[in-house]
Amino acid sequence: MQSPHQSFGPTRRALLVGAGATALTAASATTASASPTSATGASASAGSTSGAAAVAVPSPDTLPLTGGADFPIGLFWPPHPYASTAERFAEIKNAGFDFVISGNYAGDGNIFQYQLGLARDAGLKMLISDDIQIRNMSRWFSISDTPSDFLSVTPAEAGALYVRARDAYGPYSSLAGFNFYDEPGAGWFATLAKALSISRELAPQLLPYINLFPSDDASYYRGFVDVVKPSLISFDRYPLLSEGREDANYFHNWAIVRDAALHGDIPSWVFIQTLAYNNHREPTAAELLWQVNISLAYGAKGIQYFTYWTPEAARGEGFGPALITVDGQRTSRYYAAKQINTTWLHQVGRELKPLVSETAEHANETPLPNGTVAFTPTNLVSSITGNPVVVGTFRSRDTTSTDRWLLIANRSHSTRARAVVGVNQQTVGSIGVFEPARQKYLPQRLAPVPVSLAPGAATLLKLTTK
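Residues numbered from 1 in each chain as written. Predicted model: local features only at pLDDT ≥ 70, side-chain atom pairs only at ≥ 80, totals over all residues. Heavy atoms only, no water.

Another point: the overall build of the protein. In terms of helices and strands, the protein carries ten helices and 19 strands. Considering only contacts within the protein whose residues lie at least 6 apart along the sequence, 75% involve residues at least 24 apart. Entry remark: accessible area of the protein is about 17700 Å², with carbon and sulfur atoms responsible for 53%. (Helix = DSSP H or I, 4+ residues; strand = E, 2+ residues; numbered from the N terminus. Contact = heavy atoms within 4.5 Å. Areas by Shrake-Rupley, 256 points an atom, 1.4 Å probe, with all protein chains shown as cover.)

Here you go:
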């Protein structure tokens, strides 16, 4: 499936001609005895890396963004270098964002350091994209134990490249990690596995990030999890098509990503569409919220916005205004995103982040969209009647707990939904409705729970068992 992300990076040939040879020469000159200082102050030798070395995979709970209690909200295509100011990064923070994926023609180490300083001062984290060292070790060259392989670097050379990037940006507390590859094909998974192993050996405190392209092939995502052993699974699929249409396979893609994330016991992240581009429409505020809540119902543990700043018209992809226009003006979607992030997503995300997605089902919808599963009654929830809703059921990681959480999202982004959730009074001891403003569950009468949802909205219920 075609993705707009494919147009946001320089060509391989351009980087090889422009800088690849220089980077590789420098990497090759690094000796096995070199021991550069890591971002945490520990000594780590670039020469110690090897393609076959077994390196422990850190728990996502210990890494930036995937770890901690706060739900990560990020953006791609931030202010361009000339618009990168303290005021602009404060604007990002004020809209409820937690991290920035670099881009928008920031491809120079000095610019990255400058933006990392701005992010630090604003209280943001950054994932660095397009650093030449990381590109050379993970995208423009494969990693091979055979030095004669065409367009490859050895594991030791890849380690030397990584150390240069780590040491250049590691002193900034705002560095969350590196974006190793945006939308790799399955043929690149073996090299990415080696790149992530090197990253974990030389900087286990940093998050290695990779975003996958949209696909209806479950083996693509399963293969990524099994081969690369990532710390998270992120993908992009933009469902709001022109003339009011929806991508018919949006839910199917989410279902197979959800399955892959559960298979690997890792968080799933997704990009949501903020702008019009070829064959896609400009989202309303309700459609932004709808994408967020559908993703939460399918188990998302991180939300990313595509894009924040508007790509310029000269690129030729037909992008309309995003949250910020190409000349720096806020659009209505900036204020909509701020409302979503600061009054709903951070609060409900904090509740859902530590939980495990148990089911993602569609109630009262006929016919079912491709790849979806119809709601089935359980020993706790006896029925869900009324208008179509998408129901995500969650459980605690503590397997001794029988409590359940229900994220009930309006299936529609244009009309209000009214539904009634029937509970089994023999097994449910109490019901709470999450109130984001107070970050508490408000007790409800132990009876069928009426749910009224604005277009795109959702509610979170907690069912405490007897």
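We now examine the confidence of the model for the protein. This prediction gives the protein a mean pLDDT of 91; 89% of its residues lie at or above 70. Predicted confidence is poor over residues 12-47, with pLDDT under 50, and the contacts of this stretch with residues over four places away or in other chains come to 65 contacts. (pLDDT = per-residue confidence, 0-100.)

Across the interface, helix α2 (residues 86-94) lies against helix α3 (residues 109-122) with an axial gap of 9 Å and an inter-helix angle of 50°. As the angle between them shows, α2 and α3 are arranged oblique. Seen from above, α2 lies across α3 with right-handed handedness. In this structure, α2 contributes Ala86, Phe89, Ala90 and Lys93 to the contact, and α3 contributes Gln115, Leu118, Ala119 and Ala122. Here the residues of the contact of α2 with α3 sort into six nonpolar, one polar and one charged. (Axes fitted to C-alpha atoms, helices over the stretch in contact; angles between N-to-C directions. Parallel < 35°, antiparallel > 145°, perpendicular 65-115°, else oblique. Left-handed = near helix turned anticlockwise from the far one by under 90°. Nonpolar A, V, L, I, M, F, W, Y, C, P; charged D, E, K, R; others polar.)

Our focus in this paragraph is the sheet that holds strand β17 (residues 440-444). With respect to topology, six strands assemble into an open sheet ordered β11-β13-β14-β19-β16-β17, the strand pairing being antiparallel. Two strands bound the open sheet, and with one partner strand each, they are β11 (356-363) and β17. Here the average twist between neighbouring strands, direction ignored, is 25°. For strand β13 (residues 389-395) and strand β14 (residues 404-410), the ladder comprises six bridges, and the chain directions are antiparallel. (Pairing = 2+ DSSP bridges.)

On to the packing of helix α5 (residues 155-169) against helix α6 (residues 189-202). How two helices pack is summed up by the angle between their axes together with the distance between the axes. Interhelical geometry of α5 versus α6 gives an angle of 55° and a closest axis separation of 10 Å. As judged from the angle between their axes, α5 and α6 are oblique. The two elements α5 and α6 cross, and the hand of that crossing is right-handed. Between α5, through Pro155, Ala158, Gly159, Tyr162, Val163 and Arg166, and α6, the contact on the second element is made entirely by Ile198, Ser199 and Leu202.

On to the pattern of salt bridges. Summed over all chains, the structure comprises 16 salt bridges. A salt bridge links aspartate 167 to arginine 166; the shortest N-O distance between them is 2.8 Å. By relative accessible area, aspartate 167 is classed as partly exposed at 27%. In this structure arginine 166 comes out as buried when scored by relative accessible area, which is 0%. Among the ionic pairs, arginine 237 bridges to aspartate 247, the shortest N-O distance being 2.8 Å. Within this pair, whereas arginine 237 is found in the loop between β8 (233-236) and α8 (250-264), its partner aspartate 247 is found in the loop between β8 and α8, the two being separated by ten residues in sequence. Given a relative accessible area of 9%, aspartate 247 falls into the buried group. (Salt bridge = Lys/Arg side-chain N within 4 Å of Asp/Glu carboxyl O. Buried < 20%, exposed > 50% of the residue type's maximum accessible area, 1.4 Å probe, protein only.)

Another point: the pairing of strand β1 (residues 73-76). Across the two faces of β1 the burial is the same, with Ile73 and Leu75 and Gly74 and Phe76 all buried. Examined bridge by bridge, β1 and strand β10 (residues 302-306) share four bridges and lie parallel to one another. When the bridges of β10 are listed, phenylalanine 76 appears paired with phenylalanine 306. Pairing geometry for β1 and strand β2 (residues 99-101), over three bridges, is parallel.

Within the structure shown, the criterion is met by 30 aromatic pairs. Arranged with centres 5.7 Å apart and planes meeting at 55°, the rings of phenylalanine 76 and tryptophan 77 form a pair that is tilted. Considering the side-chain rings of phenylalanine 306 and phenylalanine 319, the 6.1 Å spacing of their centres and the 65° angle between planes classify their relative orientation as edge-to-face. Of this pair, phenylalanine 306 sits in strand β10 while phenylalanine 319 sits in the loop between β10 and α10 (332-352); the two residues are 13 residues apart in sequence, bridging distant segments of the chain. One aromatic cluster is present, built from ring pairs that chain together Phe189, Phe213, Tyr220, Tyr221, Phe224, Phe235, Tyr250, Phe251, Trp254, Trp290 and Tyr298. Directly above the ring of tyrosine 441 sits lysine 462, whose terminal nitrogen or CZ lies 5.9 Å from the centroid. (Phe/Tyr/Trp six-rings, centres within 6.5 Å; stacked < 30°, edge-to-face > 60°. Lys NZ or Arg CZ within 6 Å of the ring centre and 35° of its normal.)

Since there are 3.6 residues in each turn of an α-helix, residues three or four apart along the chain are aligned in direction. All of the buried residues along α2 are Arg88, Phe89, Glu91 and Ile92. The buried residues of α2 occupy an angular sector of 150° when projected down its axis, which confines them to one face. If you follow the buried residues of α2, they end up packed against β1, β2, α3 and α10. Residue glycine 96 follows α2 closely and has a positive phi angle near 90°. (Arc of directions from axis to C-beta.)

A separate point is the environment of histidine 80. Checked against the element boundaries, histidine 80 lands in the loop between β1 and α2. Remark: the alpha-carbon pair of histidine 80 and serine 102, spanning 22 residues in sequence, is separated by 9.2 Å. Residues within four places of histidine 80 in sequence aside, it is in contact with Asn104 and Trp309.

Moving on, we come to unusual backbone geometry. Cis geometry is adopted by the peptide bond preceding threonine 307, which originates at phenylalanine 306 and carries an omega value of -5°. Inspection of the secondary structure assignment puts threonine 307 in the loop between β10 and α10. For leucine 151, which is not a glycine, the phi torsion comes out positive at approximately 50°. Relative accessible area serves as the criterion here: at 23%, leucine 151 is assigned to the partly exposed category.

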